[in-house]
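The primary structure of each chain is shown beneath.
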Amino acid sequence: MTRDTTESDQEFVTLAHGAGGGAMRSLLDELVVPQFTGNGAETGNDTLVGLPELDDGAVHPAGEGALVITTDSHVVSPRFFPGGDIGRLAVAGTVNDLAVMGATTPTALTCSLVIEEGVPTADVERVIESMAETARQAGVPISTGDTKVMGNGEIDGILINTAGVAYVDREQPVPDAGLEPGDSIIVSGSMGDHGIALLAEREGFDFTGALESDVAPVNDLVNVALDAGRITAMKDPTRGGLANALNEMAGKADVGIDLTEESIPVSGPIASAGEVLGIDPLSVANEGKVVMGVTPEDAEDVLAAIHTVPGGEDAAIIGQVTDDHAGRVVVDTGFGRRYLSEPEGEPLPRIC
Amino acid sequence: MSETEPLQFRDPAQAEQLADRLETLMADIDEPVSLMHVCGSHEQAIAKFGLRSMLPDGLSVRMGPGCPVCVTNMPEVDEAVAIAEQGATVATYGDMFRVPGTKKSLADARADGASVEVVYSASEAVELAAANPEEEIVFFATGFETTAAPTAAILDADPPANFSVLSAHKYVPPAMEVVAEMPDVDIDGFLAAGHAATITGYGLFEPFVETYELPIVVGGFEPIDVLLAIERLLEYVRDGKAGLENAYPRCVSKAGNEQALETMWDVFETVPGEWRGIAEIPGANLVLRDPYAEYDARRRFDVEPVDDGPDPLTEQCICGDIMAGKADPDECDLFGEECTPSNPVGACMVSSEGTCKIWDEYGGHPNL
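Residues numbered from 1 in each chain as written. Chains lettered and ligands numbered in written order. Predicted model: local features only at pLDDT ≥ 70, side-chain atom pairs only at ≥ 80, totals over all residues. Heavy atoms only, no water.

1. Here's the deal with the overall build of chain B
Helix and strand counts for chain B come out as 14 helices and 11 strands. For chain B, whose C-alpha radius of gyration is 21 Å, the value lies close to the compact-globule estimate of 21 Å for 368 residues. Along the longest, intermediate and shortest principal axes, the C-alpha atoms of chain B span 65 × 45 × 35 Å. In the structure as shown, chain B presents an accessible area of about 14100 Å², 46% of it carried by carbon and sulfur atoms. Charge separation in chain B, taken as the distance between the mean sites of 22 positive and 66 negative side-chain charges, equals 2 Å. (Helix = DSSP H or I, 4+ residues; strand = E, 2+ residues; numbered from the N terminus. Rg over C-alpha atoms; globule rule 2.2 N^0.38 Å. Areas by Shrake-Rupley, 256 points an atom, 1.4 Å probe, with all protein chains shown as cover. Lys, Arg positive; Asp, Glu negative; His and termini not counted. Charge placed at Lys NZ, Arg CZ, Asp CG, Glu CD.)

This is the structure in structure tokens:
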């Protein structure tokens, strides 16, 4: 069953465009951002952080303060996985995008649900319950939404779009572009848990239940960190993992980052599964972690504060921001030095 | 390092001792030395752990034809694409999925509507065939001895009638001979692949060492394994001797896995084959023997891909030179510009075993 490709001079969107990294950035730069960013000027609305920044959310002036807005669509296979499900992912993902903008007390979330016919209603019920529970945990109401049902094969199971808003002080938002040379880089816990657990589950590898997604809201953890010191830049290392987040932060701030591999927390089972699969835990998604740049004199205080929050016990200072090798992340492996590059394309298992 | 001290696989202190030893050996040799490894996993280990930054000046360790995905010839990919476009489901390893053929990759074929599945093993492809008896499942089988042996075991175990194999399996030793004979390749010793040697045993390199009078050391893939194997090779170079040594004894024996070898040679025979960008190599491709003809996808499907020349960009690709140890990835005009992991021109930029992909990911230069 092949499609007629005789008129295939056209270019098509590929899965690589959806995997983050350079391909997605060029898609956004060429097709999306130029069209949408015209609107602000036309309508007279201003942004403090807008679409061209491609940050985790937008920040608009609102009265004396500011409104942080973000949105995310969630599709995941399988929809129930060790440690979570698509519902928890949809709520935590949006709460976390707000949190890493510095907006740790979200005002409200929306829930737009698209369901394929044939999905068991029990699955939908379980997903909604999970969304409600996660929203309670994050302290945010889900206050509006929409539901559509599509025909068999028109989408894959369940798609959930969530948007989130938070009202904050105007000085409060933290961009992902603010790294300064000398800053310490802190991660809030072990890397690669979600990506490796999901890949192992999807491909039917049995690692005897040792792998679980880390999907969770991080707004409490970020709140404590913000109180403890000056955070210059922050991201949640989701798609493309730590490698993607740090390369993006280094590129936007035009600084280099030096990491010490030994200091980067990766759990034993995740490291082992990563070796078996040929997938680097630093290059796959986390769904309950934060990476931040902290001004050096505050780094130990921020780290100590994170350690007190459930989920932050394994937080670590993993490196420093530098003037050298701007835009690139270099890892000291304990043997020598090498790049940690932005992953491109979906991770695929190796041949041998 | 003392004889009695156990190897700690990831111990930087032991690595430092080995690096000092390499410095001493290179000072004794007092001229440039070029070693070649023939396994993408060795390149992975060297780049991932930043080992090149530990090597003394004048010592280069280059990648040879050691990535089975990279040396798969474009017409072989075309055969797989053609079979998928005839309506069969082609199952293959993840690494092979995005390797460009002359016109398209299997990923492109799938985007165009063909049925292509990524599998982790030959047995998973057989399970796919058993679960879908109404479909033809063709396993596009690539890889060296480490994957050829499992493919052979599958064929030897009466797979379902709707299962067949398109073999692009390759056999490494003849390729090492071809590279050793290349006039413009100056190699002082080979670091042989521990994976393949677990199947073949290291004994099979004895004739090679005699013929080419070069040292061969079989090495593992932990950073200390690699540094140790390099140290052993440099000792041979310093002494001006050829020789064969197994620096990976915890996995490799002299005879190898005799049962796996027996099955492999029962199912496969060698034929000459073109290795992408390198040369036609006698006895280096593995095809199914006549008793297994019913499972041979080349005989089951009428595959004659249209050969109207490769994409002009591939003419500029120097993967062949890189895999023959004549060039480094950043000497290629396409590297990191026209050729990236998301838009690869050559196979070396696709596979996690490919030198260009590895250099793109980790950087290849020592002076970071």
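2. Here we look at the pairing of strand β10 (residues 268–275) of chain B
Consecutive side chains of a regular strand alternate in pointing toward one face of the sheet and then the other. In this structure, β10 of chain B lies alongside strand β11 (residues 279–288) of chain B, joined through seven bridges in antiparallel fashion. From the neighbouring strand, G273 of chain B faces β11 of chain B, where its bridge partner is I281 of chain B. (Pairing = 2+ DSSP bridges.)

3. Some remarks on the packing of helix α6 (residues 145–155) of chain B against helix α11 (residues 258–267) of chain B
All names here are of chain B. Interaxial distance between α6 and α11 falls to 8 Å at its minimum, and their mutual angle equals 70 degrees. What the angle tells us is that α6 and α11 run roughly perpendicular. Of the residues in α11, those touching α6 at E145, A148, A149, A152, A153 and L155 are A260, T263, M264 and V267. The residue makeup of the contact of α6 with α11, split by class, is eight nonpolar, one polar and one charged. (Axes fitted to C-alpha atoms, helices over the stretch in contact; angles between N-to-C directions. Parallel < 35°, antiparallel > 145°, perpendicular 65-115°, else oblique. Contact = heavy atoms within 4.5 Å. Nonpolar A, V, L, I, M, F, W, Y, C, P; charged D, E, K, R; others polar.)

4. A closer look at the interface of chain A and chain B
With 28 residues of chain A in contact, the opposing surface of chain B contributes 44 residues. Of the roughly 3000 Å² buried between chain A and chain B, counting both surfaces, carbon and sulfur atoms make up 58%. Our enumeration of links across chain A and chain B arrives at zero salt bridges. Put simply, chain A and chain B have seven residue pairs in polar contact (both at pLDDT 80 or more) between them. (Buried area = accessible area lost by both parts, 1.4 Å probe. Salt bridge = Lys/Arg side-chain N within 4 Å of Asp/Glu carboxyl O. Polar contact = N/O pair within 3.5 Å; in protein donor to acceptor, adjacent residues only side chain to side chain.)

5. Things to note about the sheet that holds strand β6 (residues 163–169) of chain B
The strands that make up a sheet are held in pairs by hydrogen bonds between backbone atoms, and each pair lies either parallel or antiparallel. Residues and elements named next belong to chain B. Here we have four strands laid out as an open sheet, ordered β4-β3-β5-β6, and parallel in their pairing. What marks the edges here is a single partner per strand, and that holds for β4 (116–119) and β6. Across the sheet, the axes of successive neighbouring strands diverge by a mean angle of 25 degrees, strand direction being ignored. The sheet contacts of helix α5 (residues 122–131) involve β3 (89–93), β4, β5 (137–143) and β6, and relative to β5 the element is tilted by about 175 degrees. The sheet contacts of α6 involve β3, β5 and β6, and relative to β6 the element is tilted by about 160 degrees.

6. Details of the sheet that holds strand β11 (residues 291–294) of chain A
Residues and elements named next belong to chain A. The strand order across the open sheet built from seven strands is β9-β11-β8-β12-β10-β13-β14, with neighbouring strands paired in mixed fashion. In this open sheet, the two edge strands, each paired with only one partner strand, are β9 (231–235) and β14 (337–339). Each strand of the sheet is rotated relative to its neighbour by a mean of 25 degrees, with strand direction disregarded. Here strand β10 (residues 256–260) runs beside strand β13 (residues 329–332); their pairing, made up of four bridges, is parallel. Bridged to I257 within β13 is V329.

7. Structural notes on helix α4 (residues 193–202) of chain A
All names here are of chain A. Most of α4 sits inside the fold, with eight of its 10 residues counted as buried. Along α4, the positions that sit buried rather than exposed are D193, H194, G195, I196, A197, L198, L199 and A200. In the core, the buried residues of α4 are packed alongside β3 (80–81), α2 (86–99) and α7 (268–277). Positive phi appears at G204, one or two residues downstream of α4, with a value of about 75 degrees. (Buried < 20%, exposed > 50% of the residue type's maximum accessible area, 1.4 Å probe, protein only.)

8. Details of the confidence of the model for chain A
Averaged over every residue, the pLDDT of chain A is 90; residues scoring 70 or more account for 91%. In the predicted structure, residues 1–8 of chain A sits below a pLDDT of 50 and forms 11 contacts with residues beyond four places in sequence or in another chain. (pLDDT = per-residue confidence, 0-100.)

9. Quick notes on the state of the cysteines
Summed over all chains, the structure comprises zero disulfides over all chains. Of all cysteine sulfurs in the structure, the one in C319 of chain B sits closest to C317 of chain B, which takes part in no disulfide; the separation is 3.3 Å. (Disulfide = S-S within 2.5 Å.)

10. So, the packing of helix α5 (residues 219–228) of chain A against helix α8 (residues 299–307) of chain A
Residue and element names in this part refer to chain A. Interaxial distance between α5 and α8 falls to 8 Å at its minimum, and their mutual angle equals 150 degrees. As far as their axial angle goes, α8 and α5 are roughly antiparallel. Every pair of crossing elements has a handedness; the one defined by α5 and α8 is right-handed. Seen from α5, the contacting residues are L221, V224, A225 and A228; seen from α8, they are D301, V302, A305 and I306. Considered class by class, the residues forming the contact of α5 with α8 number seven nonpolar, no polar and one charged. (Left-handed = near helix turned anticlockwise from the far one by under 90°.)

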